[in-house]
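Structural overview for review
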Amino acid sequence: MIKNGTRLQSQVCDTQVIVVRATDSLDDLRCGGEPMVTLDADKTPRADLDPALAGGSAMGKRYVDEGGAEVLVTKAGVGTLSIGGTPLSLKEAKPLPASD
Amino acid sequence: MSIALLLEMAVSGDPDRLAVIDGESRLTTAELSALASGGAAVVADSGGQHVAYVGTGGVMLPALIFASARAAVPFTPLNYRLSTEGLHQLLDRLPSALVVADDDYVNMVAGAGKQVVRSGEFLAAARAADPVERFADPDDVGIVLFTSGTTSRPKAVELTHNNLTSYVTGTVEFASADPADAVLVCVPPYHIAGVGAALSNIYAGRKIVYLPRFDAREWVRLVGDEKVTTATVVPTMLDRIVAELEATPAELPSLRNLAYGGSKVGLPLVRKTMELLPNVGLVNAYGLTETSSTIAVLTPDDHRAAYAAEDELVARRLGSVGQPVPGIEVQIRSEDGSVLGPGETGELHVRGPQVSGRYTELGSVLDAEGWFPTRDVAMVDDDGYLFIGGRSDDTIIRGGENIAPAEIEDVLIEHPAVREVVVVGLDDPQWGQIIVAVVVPEQRSELHADDLQAFAHKVLRGSRTPDRIEIVDSLLTTDTGKVLRREIIRELSEKLRSAT
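Below or above, wherever it landed, is the structure these notes cover. (Residues numbered from 1 in each chain as written. Chains lettered and ligands numbered in written order. Predicted model: local features only at pLDDT ≥ 70, side-chain atom pairs only at ≥ 80, totals over all residues. Heavy atoms only, no water.)

**With respect to the overall build of chain B**
- A count of helical and extended segments in chain B gives 16 helices and 27 strands.
- With respect to the principal axes defined by its C-alpha atoms, chain B has extents near 70 × 45 × 45 Å.
- In chain B, buried positions account for 55% of the 500 residues.
- Across chain B, every contact between residues at least 6 apart in sequence was considered, and the portion connecting residues at least 24 apart equals 67%. (Helix = DSSP H or I, 4+ residues; strand = E, 2+ residues; numbered from the N terminus. Buried < 20%, exposed > 50% of the residue type's maximum accessible area, 1.4 Å probe, protein only. Contact = heavy atoms within 4.5 Å.)

Dropping the structure here:
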C-alpha cells in the first residue's frame with residue numbers, strides 16, 4: 001500500500017499530489033485517466049489525457065474517496081483525479097478563523 | 001509532508017505576492033524562497049546538524065525555518081531574553097548546532113563552543129549562495145522548541161515535519177486569504193505561536209507584518225499603517241493594547257480578527273476588549289508546544305453568542321477555549337484513567353497527527369493508543385465546548401479536598417477592584433495546604449482583604465474561600481505572560497516564615 005506523505009505526479013498533465021491519508025484504493029490513483037507515478041519516476045503514459053477526465057485538479061485542495069483516502073494537490077493540472085474511472089471528490093473544509 | 005513543501009506551494013500559487021514585511025524589509029514569496037534555498041546552502045556548508053537562533057525574529061524566523069527545512073536539519077529558536085548561562089545550558093543540549101544570532105546577542109553565545117554567525121551575515125551569505133535543496137523525511141524532526149520551564153527544567157519538544165504540516169493543512173485552506181489581508185505578528189520567535197504564524201500565514205497567502213519587540217502604541221500604529229486584518233497576542237499584550245486604546249482611542253477599521261492565547265485571559269478583559277472593539281471578532285486559541293500550536297478555537301461568533309446570551313450554559317462559554325480543530329480528538333480522564341463524560345472534570349488527553357508528545361532525551365509520552373496527557377485540568381460541555389481549568393500540577397489540596405486554582409481565580413477576577421489574580425496553595429500544618437489569593441488591585445481603587453473574602457464566599461463554598469489575601473504591585477510572569485506560580489509560592493513561603 002502507498003504510504004502517507006508519498007508525492008505523486010500525473011503522467012498527462014502538471015498535477016502533483018501528496019498522500020494525506022493512504023488506503024488500498026490509492027494503488028489505482030489516476031489523473032487524466034492515466035496512473036499517477038512517484039515524483040522521481042519517468043512519465044510513460046499509455047494514452048493521452050482522457051477528455052472525459054479533464055476537469056482539472058485545483059491547487060491546495062484536498063480530494064477524497066468514499067473509503068477515506070485523501071490527497072492534497074501540490075501542483076494544479078488539467079487532469080481529473082480518480083480511482084479507476086471514479087473521480088475523487090473535493091473535500092469541503094469548514095473555514096476556521098485565523099488564530100496564528 | 002515536509003515544511004519546505006508549504007513554501008514551495010505558496011511560490012507555485014503566487015510567486016510575486018508580498019509575503020513578509022519587517023521594518024524596511026519586504027519580501028515576496030519567491031524572494032523568501034530564494035533566501036531559504038541560499039540559506040540552506042549556508043547551513044549545509046557549515047556542517048551543522050541543527051540550526052539554533054537567538055534573536056528577536058521578524059524576517060529571520062521564516063528565513064531560518066525554511067532554510068533549515070531545505071537543508072534537512074532541525075531548527076530551534078531560543079528565548080533571547082535568557083541569561084548567558086541559561087542560553088549556554090540550552091545550546092549544550094543541541095550538539096553540532098550552527099548558531100545564528102542577532103548582533104545584540106552574539107556576545108552572549110560566543111563562549112558556548114558553537115559555530116556562530118550573525119543574522120546579517122547569514123542573510124548576506126544566503127543571498128550570494130547557490131541554492132541547495134535536501135529532502136527531509138516527513139517523520140524527521142523539523143523544529144525543536146524548549147518549554148518555558150515554569151515547573152521544571154525546560155523540556156526539548158520535538159515536532160516532526162508531519163506534525164507541523166498536518167496542523168497547517170488541517171486547519172488552514174491553501175491561498176484562502178484575500179489579497180489585501182495582512183497579519184500582525186508580535187509573538188516571539190521561540191514560542192510555538194511564532195512558528196505556527198510563519199507557516200500557516202505563508203500557506204494561507206496572508207502577508208505577515210512583523211513587530212519584533214512588542215509595544216502597544218507601535219502595535220496600534222502598524223494596524224493602521226499596514227491595514228492589518230488579523231493579529232495574535234498573548235494576554236499581557238492584550239492588556240496593554242486595551243490600556244493604550246482607552247488612553248488614546250483609535251478605530252482600527254481594517255482589523256477583522258484578534259486572536260488571543262498562550263495563557264488564560266480573565267473574562268473582564270475579554271468583555272472590555274469586545275466593548276472597545278465591537279467590530280473586531282475575537283478568537284481564543286488554545287494549544288501547547290507539544291501539539292504544534294492550536295488544538296481548540298473559540299470563534300468570533302462563539303464570543304458574540306456567549307456575550308449576548310441569557311442562557312447561563314451559553315454565556316459561560318465566553319470562558320471556554322471553544323471546540324477542537326479538525327483532526328484533533330479529545331478525552332477527559334479521571335485520576336484512575338477512566339474516560340469521563342460531558343460536564344465531568346479531569347485531565348485533558350488529546351490525539352491527532354499534529355500532536356507530537358515527544359521530547360529529546362525523554363522520548364515519547366504518548367500512550368499505546370496515541371493519546372497525549374496535557375496535564376491540563378479540563379471539562380467538555382454537552383455541545384463539545386472545552387473548558388480549561390489550569391495545570392493539574394497546580395491543584396491545591398486543602399483538608400483532603402482537591403481545588404483547581406482557576407475556579408477561585410475566575411470568581412475573584414470579577415471583583416471590580418481586582419486587576420490580576422493568581423491563587424496558590426501554601427503548606428499548612430492544620431489543613432495540609434491553605435488557599436492564598438495574590439492580587440494586583442486596579443489603579444485608584446481600594447481593595448480590602450475582608451471585602452474580597454466576603455465576595456468570594458458568596459459564590460464559593462467556605463472551604464474554597466481564600467484563607468489569605470496578599471496584595472501586590474505585579475505578578476511574576478514569563479515574557480509571554482505565563483504566571484510563575486512556583487516562584488510566587490517560594491517568595492510567599494519565605495515572607496510568611498520570616499514574619500513568624
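**Describing the nonpolar core**
Residue and element names in this part refer to chain B.
- Formed by 117 residues in total, the largest nonpolar core has its most connected members in Phe-122, Trp-219, Leu-258 and Leu-386.
- A total of 9 residues in this core trace back to one element, the largest contributor, which is helix H8 (residues 192-204).
- Among all residues touching Leu-258, those that are not within four sequence positions of it are Trp-219, Ala-231, Val-233, Leu-238, Thr-273, Leu-277, Val-280, Gly-281, Leu-282 and Val-283.
- Counting residues in each nonpolar core, the second largest holds 20 residues, with Ala-52, Val-99, Met-108 and Phe-146 among its members. (Core = buried A, V, L, I, M, F, W, Y, C linked by side-chain atoms within 4.5 Å.)

**Looking at the interface of chain A and chain B**
- Contacts between the two partners involve 17 residues from chain A and, on the opposite side, 33 residues from chain B.
- Contact between chain A and chain B buries roughly 1,900 Å² in total, counting both sides, with carbon and sulfur atoms accounting for 59%.
- On the chain A side of the interface with chain B, the three residues burying the most area are A:Leu96, A:Ser99 and A:Asp100, jointly 35% of the side's total.
- At the junction of chain A with chain B, the criterion picks out 2 salt bridges.
- Applying the counting rule to chain A against chain B returns 9 residue pairs in polar contact (both at pLDDT 80 or more).
- Sorting elements by how many residues they give to the side of chain A that touches chain B places strand S7 (residues 70-75) of chain A first, with 4 residues.
- Partitioned by chemical class, the residues of the side of chain A that touches chain B number 8 nonpolar, 4 polar and 5 charged. (Buried area = accessible area lost by both parts, 1.4 Å probe. Salt bridge = Lys/Arg side-chain N within 4 Å of Asp/Glu carboxyl O. Polar contact = N/O pair within 3.5 Å; in protein donor to acceptor, adjacent residues only side chain to side chain. Nonpolar A, V, L, I, M, F, W, Y, C, P; charged D, E, K, R; others polar.)

**Here's the deal with the sheet that holds strand S26 (residues 432-441) of chain B**
Residue and element names in this part refer to chain B.
- In space, the 3 strands of this open sheet follow the order S25-S26-S27, with mixed pairing throughout. The open sheet terminates on both sides in strands that have one partner only, identified here as strand S25 (418-428) and strand S27 (468-471). Mean inter-strand twist for the sheet, computed between neighbouring axes without regard to direction, equals 25 degrees.
- Note that S25 and S26 share 10 bridges and pair antiparallel. From the neighbouring strand, Gly-425 faces S26, where its bridge partner is Ile-435.
- Relative to the sheet, helix H15 (residues 449-459) contacts S25, S26 and S27, its axis offset from that of S27 by approximately 130 degrees. (Pairing = 2+ DSSP bridges. Axes fitted to C-alpha atoms, helices over the stretch in contact; angles between N-to-C directions.)

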